[in-house]
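The lines below spell out each chain.
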Amino acid sequence: MTELGAYGQRLADVFQLERAPAFVTRSLQKSTIAVTEIKCDLHDHGLTAPIPREDAFLITLQLRDCPRHDLFIDDRQVPTSHLQPGSICIYDLRSSPVANSISAFHSLHFYVPRAALDAIADMEDCGRVDEFNNRPGLGTRDATLAGLGAALLPAFQRPDEATPLFVDHLTIATTAHTLKTYGVRARLSPSTIVTLAPWQEARVKEILASRLNGDIFVSDLARECGLPTGAFLRAFRASIGVSPHGWLLQHRVEQAKALLGRQMAASLNEIAKSCGFANEAHLIRAFRRVTGLHPAAWTQ
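All residue numbers refer to positions counted from 1 along the written sequence of the respective chain. Totals for whole chains, interfaces and linings use every residue, but because this is a predicted model, local features are given only for residues with pLDDT of at least 70 and side-chain atom pairs only at 80 or more, for both listing and counting. With hydrogens and water excluded, all non-hydrogen atoms of the structure serve as input to the side-chain values.

### Remarks on the pairing of strand S5 (residues 69-73)
Right, so step 1: The cut-offs for exposure are 20% and 50% of the maximum accessible area for each residue type, with area from a 1.4 Å probe on protein chains only; residues under the lower value are buried, those over the upper are exposed, and the others partly exposed. The secondary structure listing takes helices from DSSP runs of H or I that are at least 4 residues long and strands from runs of E that are at least 2 residues long, numbered from the N terminus. Extensive coverage of S5 is indicated by the burial of four of its five residues.
Right, so step 2: Sheet analysis places S5 next to strand S8 (residues 98-101), joined by four bridges and oriented antiparallel. Within the sheet, the bridge partner assigned to Asp70 lies in S8 and is Asn100.
Right, so step 3: Pairing of S5 with strand S6 (residues 76-78), which is carried by three bridges, proceeds in the antiparallel orientation. Paired with Phe72 across the strands is Gln77, a residue of S6.
Right, so step 4: Turn length for the S5-S6 hairpin, with the two strands adjacent in sequence and antiparallel, is two residues, and the turn residue Asp74 shows positive phi of about 50°. The pairing criterion for strands is at least two bridges between them, as found by DSSP.

Below is the structure:
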């Protein structure tokens with residue numbers, strides 16, 4: 001394994017697994033952020049393979065109880081403890097972390113190379129960091145990252161419903177929270193809450209409405225507004241009250257409502273495809289989340 005990038009199949013090989021599904025986003029100055037689901041139901045699975053050294057970090061979120069494991073950093077064993085669901089560990093890939101998987105495990109691994117970390121630090125107006133205040137063998141409970149992971153996990157179960165806009169937003173949010181919460185020497189600069197200008201709000205909504213399938217990155221929307229990505233996300237939420245993906249989801253449902261009222265003979269699957277949903281089931285879940293109703297009830 002000579003290619004750098006501890007995500008996807010390369011991370012599956014590290015854990016001696018047949019496969020590990022991953023989502024990759026490259027919206028930050030041509031840098032890659034990836035998130036990989038790692039799952040093994042076997043106990044005493046053994047040592048992981050060494051990860052090639054690179055200037056990057058792995059942010060690992062535990063999804064299930066992991067009572068026992070060993071960890072070696074640069075060939076030295078470090079203290080470990082019971083990792084509970086919702087705990088995070090941050091691994092510096094300039095060292096050589098190797099784990100001994102004693103308990104079964106299920107986790108999400110966010111791969112963040114230096115270029116992406118620095119780009120997000122600049123977006124968030126906080127100082128760039130070189131290390132994190134986190135002991136990976138012991139872990140830290142983090143409700144915010146647990147919530148972001150819970151929002152992302154269904155995408156691995158139904159990958160056809162995961163839009164680039166959705167994955168982009170969650171991976172950036174995860175990295176930004178980690179940077180500001182655990183980054184050593186991170187300094188959050190004072191900033192005022194700004195909103196989008198009317199023309200910016202109109203332009204973003206126009207673009208999102210033309211991309212109902214969500215095939216666009218947050219950085220593309222920010223560029224259209226002439227704003228840095230972090231400033232754009234803060235201004236969008238301050239102006240509209242939700243994230244770009246949240247607005248797009250609501251807009252899709254509004255489009256579906258209109259079609260349900262006009263096209264009585266159309267199937268739900270046809271309406272779903274017209275509104276950017278992956279399929280009928282995807283439409284039903286989103287419709288219920290926004291309105292509390294099944295789409296069929298909307299026509300009654």
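Moving on, there is more to tell.
### Details of the pairing of strand S9 (residues 105-113)
Right, so step 1: Counted residue by residue, S9 has nine buried out of nine residues, so it is predominantly covered.
Right, so step 2: Residues Phe105, Ser107, His109, Tyr111 and Pro113 line one face of S9 and the alternating positions His106, Leu108, Phe110 and Val112 line the opposite face, and both faces are buried.
Right, so step 3: Across seven bridges, strand S2 (residues 31-40) lies against S9 in antiparallel orientation. When the bridges of S9 are listed, Ala34 appears paired with Tyr111.
Right, so step 4: Taken together, the seven bridges between strand S4 (residues 56-62) and S9 define a ladder with antiparallel strand orientation. Along S9, the bridge assignment pairs Leu61 with Leu108.

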